[in-house]
Structures are given as structure tokens and as C-alpha cells.
Amino acid sequence: MCGQFGKTISNTFLIIVMSFSFFGVIHEHSEINQQEILNYLDYNLNRGTGIGLLDLVFTLDSYDILETEVPNRTEIIEYLNSMQSDEGTWGTGQNHYVPITAQILMFYNRSGVKPAKSLEPFFSTVDIWEKVVDHVQTYDSGNFWGGLWGYVTSYVVYKGESPPWTNEFLDAVNNSFDTWAYYNHQRTHLMLNLFQLGALIPRVDDVVNIALYQQKEDGSWDYNSAETAFMIGSFELARNQTTVDPSLIDSAISRGLSFIESCYIRIESAGKFYAGFASNSSELYPKPQATALGVNSLLNPESGV
């Protein structure tokens, strides 16, 4: 890893890391504090290679959502460039987890830079619908529509236009309603893709009513703050398309936000507080993904990130 971002962690920092499991944790109705969240983000960033690539990207997202400059942004971009494959993608394991490539491309776009390597070699391997379907089923099995989010987003962000297989994609959306409408992660990521492509949500009233019915008593979807944030954002995308009573949507969003707020976690070490969001209120420590989505939902919902 390049420069300070990749240097060996100092002894002081090791003490902080080792003490994390002994922190006093405050759960109940703590007031959300942006500086404490930034402390947590800095902690994640200072972990260098100790943080996974996906968690790194969610941490970078959080800075941008909060409209706070990412420390060492140029150095981090150099590091991400060094992690890019010859075909232009990023990933873990098999190096074909495309959604992470989409998220990194969005970070590059917000930073006003281009990746070091072209993504054209990758796009040439998924230039027709049949290849896309095979690729998703091979590398993101069990997460078809959620996985497809990465392919559509990568194409739209990198090339600034819809994929060449958009019509086939939309046909599959219309013909496979039951495969995405009843599953929150699939539903929300597909709705985001439709928004990117300027396409309407099929059977939108049914989709909204299914989502309303599936909301848990605690206000969440799937008892998970990230999935709840995804659904809240998807409701906002569906507002102008549905005839469902808007007061029902507003109530669902309000309950969802309350659930996310209940997942706010503060941790104290040596008199300093670190804060973020966990997947649910029973967890002891915040997570980068939940934190990015939590700050987007509660602190800066208009960020666009």
C-alpha cells in the first residue's frame, strides 16, 4: 500500500485497536454526533490494509456523505489504482465481485478522476445479456438483482450511458416480478437501477404495498439498518410513480428512520468517543456499511452519494 496509508501501524494505534474489545459501549438514545462519527471513520482509515476493500469504500462514502474531505484522498486513489485488475475491475477472492467495482467507480467519479486502467476489457466480457446473466450467476450466485446493480451502475457511471443490453434487462424485470418484488435487497437495488436508467417501476403500487406489508414491528426491513436505509431510499424513488396513500409511505419512512437511529453506537476509549451505526441495536460495534447508510439517512439524506 502507498505512503502513509499503507505504513506499519504505530504502537499507539495498536493499543487503540487492541482495546476496542474492552470499550464501554453506550446504546440507549445517544445523541448523534458528527465529530464522533468522523473519529470512527478516521479509525477505519488508519487501519490501512487491516480494513477490507468493501469496508474501505463504505468509509470513503461516509466522508463524502458528510461533505468532509477524505484524508489523503489522492494517496487512497493511488492505492485503489494499484488494486485494479487488468480487466479494469476490483473485487475480493475471485476478483469478479462487480458491485464493489461500481462503488469504487462512484468514488472516483465524485473525486473527479478516472481509474488507472480502462474497464473496456471487462465490458467486452459482458457485452450481451446472456453473458451478463452467466457472469452474475457465476460470481454472485443467490443475489441476482442485487448483483446486477453493480453491472448497470458500473456501465452508467463509467461510460455515462445505458448498457447495450438494457432492453433485455428491462424485459427480465417485467417478466420476473416474483424474483425481486418480495425480497428487500433485490427489490431496492433493482429500483435504484431503474432510476439510473430512467425507467418506471413495474406494478409500482404492488411493489410499494409489498414493502409496506414487510416492514417489521420495530420499523426495520429484515431487522437490518442497511436494508432499512435501502428501502427508505427506494420509497423516495417510487413516490412520484405510485398512487399508494403518501401518508402510509411517510409513516413507514419515519418508523424506519427510528430503527436506524436505534442502531447508533458510541464507543469510548481513553476519553475519546467513536460512533457509527450497527446492523441492529443488539450489536456492540458499528460497521462501515451501516454507518455510511445511517449517516446518509439521518444526517445528510440529500447528499446524493
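Predicted, not measured: the structure shown is a model, and the values here were computed from it.

### Let's talk about the pattern of salt bridges
- According to the stated counting rule, one finds twelve salt bridges in the structure shown.
- A salt bridge links D64 to R73, with the shortest nitrogen-to-oxygen separation between them at 2.7 Å.
- For D64, a relative accessible area of 14% puts it in the buried group.
- The class of R73 is buried, set by a relative accessible area of 14%.
- In this structure, the salt-bridge partner of R239 is E236, at a minimum N-O distance of 2.8 Å.
- Looking at R239, the relative accessible area reads 26%, which means it is partly exposed.
- Residues joined by salt bridges that share partners form a network here, namely D61, D64, E69, R73 and R110.

### Quick word on the packing of aromatic side chains
- Tallied over the entire structure, the rule returns 15 aromatic pairs.
- Seen from their ring centres, W129 and W165 are 5.8 Å apart, and the 40 degrees between their planes marks the pair as tilted. Of the two residues, W129 is situated in helix α8 (residues 129-139) and W165 in the loop between α9 (144-159) and α10 (166-175); the sequence distance between them amounts to 36 residues. For the pair W129 and W165, one class covers both residues: buried.
- Taking the centre distance of 6.4 Å and the plane angle of 65 degrees together, the rings of W165 and F169 count as edge-to-face. Each member of the pair, W165 as well as F169, carries the same accessibility label: buried.
- Ring pairing ties together the aromatic residues F122, F123, Y151, Y155 and Y158, which thus form one cluster.
- One cation-aromatic arrangement involves K114 over Y158; the distance from NZ or CZ to the ring centre is 5.6 Å.

### Thoughts on the packing of helix α4 (residues 53-65) against helix α5 (residues 73-83)
- Contact pair α4 / α5: the axes reach a minimum separation of 13 Å and the direction vectors enclose 150 degrees. Classified by the angle their axes make, α4 and α5 are roughly antiparallel. In this structure, the crossing between α4 and α5 has a hand that is left-handed. On α5, the residues that touch L53, L56, L60 and D64 of α4 are R73, I76, Y79 and L80.
- A class-by-class count of the residues in the contact of α4 with α5 yields six nonpolar, no polar and two charged.

### Description of unusual backbone geometry
- Here the phi dihedral of D222 falls at roughly 60 degrees; this positive angle occurs in a residue that is not glycine.
- Relative to the elements of secondary structure, D222 occurs in the loop between α13 (204-214) and α14 (225-238).
- Not every positive phi belongs to a glycine, and A270 is a case in point at roughly 50 degrees.
- In this fold, A270 is placed in the loop between β2 (264-269) and β3 (272-277).

What counts as what
Residues numbered from 1 in each chain as written. Predicted model: local features only at pLDDT ≥ 70, side-chain atom pairs only at ≥ 80, totals over all residues. Heavy atoms only, no water. Salt bridge = Lys/Arg side-chain N within 4 Å of Asp/Glu carboxyl O. Buried < 20%, exposed > 50% of the residue type's maximum accessible area, 1.4 Å probe, protein only. Phe/Tyr/Trp six-rings, centres within 6.5 Å; stacked < 30°, edge-to-face > 60°. Helix = DSSP H or I, 4+ residues; strand = E, 2+ residues; numbered from the N terminus. Lys NZ or Arg CZ within 6 Å of the ring centre and 35° of its normal. Axes fitted to C-alpha atoms, helices over the stretch in contact; angles between N-to-C directions. Parallel < 35°, antiparallel > 145°, perpendicular 65-115°, else oblique. Left-handed = near helix turned anticlockwise from the far one by under 90°. Contact = heavy atoms within 4.5 Å. Nonpolar A, V, L, I, M, F, W, Y, C, P; charged D, E, K, R; others polar.

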